[in-house]
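Summary of structural features
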Amino acid sequence: MIHQRECPVETLIHVLGGKWKPMILWHLMESKKRYNDLEKLIPDVSQKMLSQHLRDLEQEGIVDRTVYAAIPPKVEYSLSEYGKTLIPVAEVMCAWGENHNKRKYEESAS
């Protein structure tokens, strides 16, 4: 039985929760990426966590994983059409973060 969440914010946290999922989303907004690209863009994430978060986002329908028949195998990650609906959410979160950082900087300068 699927658990019905009463609060939409709880649903968002469930889908995008974790330290790295919002960062993955942010980088995939720019363009599709290979696993190694994401490792370089998010250097503090462990391989285990990056793999797990990509799997989670794929299961939620947020990320598409495309495997190309090549040697060595080539795999790319991109936002799905459904995942692209999160772009405005991520942009608002980014704007809030920039404003918050600016506010903290101004407070520390005074």
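Procedures and definitions
Residues numbered from 1 in each chain as written. Predicted model: local features only at pLDDT ≥ 70, side-chain atom pairs only at ≥ 80, totals over all residues. Heavy atoms only, no water. UniProt positions renumbered as here; feature names shortened; annotations may be inferred. Helix = DSSP H or I, 4+ residues; strand = E, 2+ residues; numbered from the N terminus. Pairing = 2+ DSSP bridges. Contact = heavy atoms within 4.5 Å. Patch = residues over 30% accessible without salt bridge, like charges linked within 9 Å, V, L, I, M, F, W, Y side chains within 5 Å. Areas by Shrake-Rupley, 256 points an atom, 1.4 Å probe, with all protein chains shown as cover. Salt bridge = Lys/Arg side-chain N within 4 Å of Asp/Glu carboxyl O.

By the naming in an unreviewed UniProt entry, the chain goes by ArsR family transcriptional regulator and is assigned to Paenibacillus glycinis.

**Here we look at the UniProt feature "domain: HTH hxlR-type" (unreviewed entry) in the chain**
Summarizing the sequence annotation, UniProt attributes the feature "domain: HTH hxlR-type" (unreviewed entry) to residues 7–105 in the numbering used throughout. Across residues 7–105, the secondary structure splits into 59% helix and 14% strand, with the terminal C-alpha atoms separated by 33 Å.

**Some thoughts on the sheet that holds strand β3 (residues 74–79)**
One open sheet accounts for 3 strands, arranged β1-β3-β2; its pairing is antiparallel. Edge positions in the sheet fall to β1 (33–34) and β2 (63–68), since each of these pairs with one other strand and no more. By the bridge criterion, 6 bridges tie β2 to β3 in an arrangement that is antiparallel. Within β3, the residue paired with Val67 across the bridge is Val75.

**Describing the environment of Arg34**
Topologically, Arg34 is positioned in strand β1. The contact partners of Arg34, leaving out residues within four places of it in the chain, are Pro73, Lys74, Val75 and Glu76.

**What about the side chain of Lys21?**
Along the chain, the position of Lys21 falls in helix α2 (residues 21–30). If sequence neighbours within four positions are ignored, Lys21 has contacts with His14, Val15, Leu16, His53, Asp56 and Leu57.

**Here's the deal with a nonpolar patch on the surface**
Residues Leu12, Val89 and Met93 make up a contiguous nonpolar surface patch of about 220 Å² in total accessible area. Within the secondary structure, Met93 sits in helix α5 (residues 87–109).

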